[in-house]
Amino acid sequence: MYLLLAFLGLVPRAPCLGELKAFVVAHSHMDVGWVYTVQESMHAYAANVYTSVVEELMKGKQRKFIAVEQEFFRLWWDTIATDIHKQQVHQLLQEGRLEFIIGGQVMHDEAVTHISDQILQLTEGHGFLYETFGMRPRFSWHVDPFGASATTPTLFALAGFNAHLISRIDYDLKDNMQKTKKLQFVWRGSPSLSENHEIFTHVMDRYSYCTPSQIPFSNRSGFYWNGIAVFPDPPKDGVYPNMSVPVTDATIHLYAQSMVANIKKRAAWFRTADVLWPWGCDKQFFNASVQYSNMDPLLDYINKHADQFGVTVQYSTVSDYFQALYNRNLTWDIQNYQDFLPYSTEPFQAWTGFYTSRSVLKGIARRASSLLYAGESFFTQYVQKYPAGSVCKFWALQQLRSLRWAVSEVQHHDGITGTESPKVKDMYMDHLMAGIVNVKKLMASIILDTDNAKKNGKLYSYVYNKDTGKRGTRNVEQYIIVYNPLAWNITTFVVVAMSYSAVSVYDELGHPVPAQIQSSAESPSTYDLYILVTLSGLSYQRYSVKLSADKESAFIARSVKYGRKVIKHADRQSRRLIPVLNDCYTVMLDQNTNLMHSITDRKTNQTVELTQEFLEYHVNGDVRKGPISDNYLFTPNGSAVEESKAVGLEVVSGKLVREIRQYFYRNTTAQDYIYVAYSRIYSVPGGYDDKLLCHRIEQEYRVGPLELNREAIFRTSTNLNNKQTLHTDNNGYQMQKRPYKVFVNNSVARNYYPMVQTAYIEDDRMRLILLAERSHGVSSQGNGQVEVMLHRRLWNNLEWDLNYNLTLNDTSVVQPMFWLILGTKPAADVLYQPSALALEHRPVVMYGELTAVWCHPVTLPANLHLQTLSIPGWTYSSNHTEQLQNIYKGIRKQEDADFRRVLLRIRHMYEVGEDPVLSQPATVNLKSLLKGLGTVELVEERSLTGTWDINTLERWKWKSAQHIRLSCNTKKTMENSTVTIHPKEIRTFFVYFQGQ
């Protein structure tokens, strides 16, 4: 229709800033997963994209192309590209005709990814690009993630980007921004960092990143002359489905009219005469020859008739477009730290289901990331203290790299989102599990005597996580090594499954260690041994567990079971309450319902009425009957329904641990329960630091398999007057306020938000915080309520979903864990950040005899987090001039990896003004901090991904209403290795030690 209007002269007028200039950006959107595995995509089209594009760019000096995600390119570079191809890539990069955009391993999702994993995948890609080509991406192309987080602009600014580009934001918001020409702005993603890390942001118009496919003179797609990729094998005759009508003398004017009409349509939504015109779409340019051979004459034709069309066109890169925009020196509006979530494409198409889809994958991905975090610092310490150790460093680095690759890969916006086909989900899981096994082997190899371990078969390790394996032990007398990957002292419990109830636990000096043993809820024939551990930062302790039955034995907990109760028929007038308490909380259970009744904060004596229940949303699976839910969308038929009518209760009591076990049944006579909730509170003897341990209620749920077309939630209802206002985190980095919004349709789904790590509700008295170890959807559907979506099982008959096997018939059982914290706002502000990281990075448990002690404590101030401590292995020079010279001369270090360079990142956890003490800047002397690892010889401050010397990095400063335009210099002060880190800053360093 818009083309007809254009031909009639009824399209909105373009900006009156001279002749329109269209920047034609050739690209191929290449999903690392989604419907097809990486291997299938490489075979069917991805390898051909890079081969044919490189060859075709060499045939025309005017031709250009952008490459976005690095995984496919790296596979092509390492396994397919010839020496000639590689020489050509170097030449094209130098000439600016091939441009790497974003440069991460993938285009990561923004809603359900953790900032640590975003940094990892970006660093993996940037390290490869800088080592191989000496180039550093300066622009983003985040066109396909389902909503935009306020973390991303901060992240990209820290990486040195000059401009940011997004596309998928809520449809009605985008419509309004188009009408008011507000699609471009300066985005200040962090309220604490403010203008220091702002970035110019371009929102793509409603045509997004694809070329308009409909043309008025043909029933085929337009501008896709190579057609549509074919799986599993490319057609031998080179003829693909839906190849666009060729550009000929008979069609060239019609093509020109269509292209110009679309350019003018887009121009009317922006402030300048510079028009970004994406040429490409998903899986395009696998035959670049036919693409360029048709577009070349079309662009020439339009330029020759520029007076007639009022438009000039040129092949461009993203940097060409943003440079032209920057040169106009306009003043731009400021977008403050609010994000663009959730994302909807229509009233009944709220993309809020993927916040929970494939919860098992989400859990495995995060536990893999946590294990990688521990393995990196463990290996780094080993190399520094024992450079001649028996573990082969090159082998060790390969183990870490396998998990770096897998964790980076799954951050793709059709990966951890759960929006992929089952076979792609299996691919991610296989890669993650292989990497997990590799890093476990590495950590075990380091901590055990490798030769003896190989001989007697003791080389194995274990991470406490039910998603990745079953808990168990080899015998009753054994050594347990517990590693704390955080750079703070921690006091917590680790859990080991035992076959006997009479055991004692001792530390390295033979002193008894507080422990409790109780029957396992999951396996009646085994026992759960809770061991109280106290560990310094980045250190480990050895504990021995021995069969015994004396006064030093672990305390044996006792269990009391209560009869099953019908929820609806409970007598509310004669409640009988059961207290379960520690030094911080008193949890009251209602014996009439077997549900929670209230929680009292014992420090303030404030009581919050609180009930928790499982409910399910019923959803439609027949498109003929209305809107449907799928991997992406959440479209409930109505309010959530209570599926369980009766609850069984068991309370396990001990000196250290008190556990509430609630079993939810469909009715009083049902044999099998449908849900389980385990809630634990902890007490510790005098002399232990219990600040974090005491102030949490640890909750673990068991959900599934669900019935078809059900979406399970866990709702916490309180008497807090939150007015349906919720707070959720952006990527574990910063919080967003989420007032409830009323829509004409689909208000339930459109008020769901991603909870990557933290969500809370509050009133003037108290705050109730939920911390999660994987991503979920979360909402406040009623005053005083917070509900978390735990699991989804869906099927529908939408042809598109069926064709791509995207119906999410997920029959798994999920077992997510949450920590619940209740307190006043000041108390909660202090607790939630370190608690969230303590949940994310729980101690690593390994088994085997300890042969050497080499860990030395590393302790940061209470408001700082050790974001990264690793040996990347890159061989590039940190001197940019030298690196370019080395690449130009073909010089590459002979060794496969550089073990001298340590990558260190430190993050300030708190916002400005969040806490009187913890929100203050923190000063750290890096030499003193790391003295346990060795003598620091040199410290270099770098950009987020390590490729820039921070003192030479200058970003464009876009003029806004509050600031004149200046170069945005990112220089930081560091004297004698002492740095001051301000609220929400992430500082990155290369550290070199003597003797390496």
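Residues numbered from 1 in each chain as written. Predicted model: local features only at pLDDT ≥ 70, side-chain atom pairs only at ≥ 80, totals over all residues. Heavy atoms only, no water.

The chain has the name Alpha-mannosidase in an unreviewed UniProt entry, where Chelonoidis abingdonii is given as its organism. Its UniProt record, at the heading Catalytic activity (unreviewed entry), says of the chain: "Hydrolysis of terminal, non-reducing alpha-D-mannose residues in alpha-D-mannosides." (UniProt positions renumbered as here; feature names shortened; annotations may be inferred.)

A. Here's a closer look at the overall build of the chain. Within the chain one finds 21 helices and 46 strands. Against the compact-globule benchmark of 30 Å for 996 residues, the chain has a radius of gyration of 29 Å, which places it among compact chains. Principal-axis analysis of the C-alpha atoms places the extent of the chain at approximately 95 × 70 × 60 Å. The buried share among the 996 residues of the chain stands at 65%. Looking at the chain alone, contacts between residues at least 24 apart form 76% of all its contacts between residues at least 6 apart. Just so you have it, the chain exposes about 35300 Å², and 49% of that area is on carbon and sulfur atoms. Here the chain contributes 102 positive and 97 negative side-chain charges, whose respective centroids are spaced 2 Å apart. (Helix = DSSP H or I, 4+ residues; strand = E, 2+ residues; numbered from the N terminus. Rg over C-alpha atoms; globule rule 2.2 N^0.38 Å. Buried < 20%, exposed > 50% of the residue type's maximum accessible area, 1.4 Å probe, protein only. Contact = heavy atoms within 4.5 Å. Areas by Shrake-Rupley, 256 points an atom, 1.4 Å probe, with all protein chains shown as cover. Lys, Arg positive; Asp, Glu negative; His and termini not counted. Charge placed at Lys NZ, Arg CZ, Asp CG, Glu CD.)

B. Focus on the layout of surface pockets. Looking at the largest pocket, its volume works out to about 1400 Å³. Along its surface, the largest pocket is lined by 49 residues, and Arg168, Tyr209, Asp282, Trp351 and Trp800 are the ones closest to its centre. At the level of elements, helix H7 (171–179), strand S10 (344–346) and helix H18 (799–804) are the ones that each hand at least two residues to the lining of the largest pocket. Here the lining of the largest pocket is composed, by residue class, of 25 nonpolar, 12 polar and 12 charged. (1 Å grid on protein atoms, 1.4 Å probe; cavity = no way out; pocket = protein on both sides within 12 Å on 5 of 7 lines; lining within 4 Å. Points joined across faces, edges and corners; volume = space filled by probe spheres on them. Nonpolar A, V, L, I, M, F, W, Y, C, P; charged D, E, K, R; others polar.)

C. Broad picture of helix H2 (residues 38–57). With 20 residues, H2 should cover 28 Å at 1.5 Å per step; its first-to-last C-alpha distance of 25 Å lies more than 12% under that length. The axis of H2 is deflected most strongly, by about 55°, at Ala44. Along H2, 15 of the 20 residues are buried, which leaves the element largely enclosed by surrounding structure. (Expected span 1.5 Å × (residues − 1). Bend = angle between axes of the 7 residues up to and from the residue.)

D. Focus on unusual backbone geometry. With omega at -5°, the peptide bond leading from Leu341 into Pro342 counts as cis. Tracing the backbone shows Pro342 in the loop between strand S9 (334–335) and S10. Cis rather than trans, the peptide bond between Gly704 and Pro705 has omega equal to -5°. Its location among the elements puts Pro705 in the loop between strand S28 (697–703) and strand S29 (710–718). Of note in this structure, Asn329 is not a glycine but carries a positive phi near 55°. Considering the arrangement of structural elements, one finds Asn329 in the loop between helix H11 (318–327) and S9. Within the chain, Asn731 stands out as a residue other than glycine whose phi angle is a positive 65°. As for its placement among the helices and strands, Asn731 is situated in the loop between strand S30 (726–730) and strand S31 (734–738). Judged by its relative accessible area of 0%, Asn731 is buried.

E. Fine view of the nonpolar core. Membership of the largest hydrophobic core comes to 173 residues, with the highest contact counts inside it found for Met259 and Trp279. Setting aside chain neighbours within four positions, we find Met259 in contact with Val24, Phe223, Trp277, Met295, Leu298, Leu299, Ile302 and Val313. Judged by nonpolar contacts, the second largest core, of 60 residues, contains Val580, Trp819, Ala828 and Tyr832. (Core = buried A, V, L, I, M, F, W, Y, C linked by side-chain atoms within 4.5 Å.)

F. Just the packing of helix H3 (residues 70–79) against helix H4 (residues 83–95), in detail. Two elements in contact, H3 and H4, have axes whose closest approach is 9 Å; the angle formed by their N-to-C orientations is 135°. The orientation of H3 with respect to H4, classified from their angle, is oblique. The interaxial crossing formed by H3 with H4 has left-handed handedness. Judged by residue contacts, Phe73, Trp76 and Trp77 of H3 engage His85, Lys86, Val89 and His90 from H4. Class assignment of the residues belonging to the contact of H3 with H4 gives a composition of 4 nonpolar, 2 polar and 1 charged. (Axes fitted to C-alpha atoms, helices over the stretch in contact; angles between N-to-C directions. Parallel < 35°, antiparallel > 145°, perpendicular 65-115°, else oblique. Left-handed = near helix turned anticlockwise from the far one by under 90°.)

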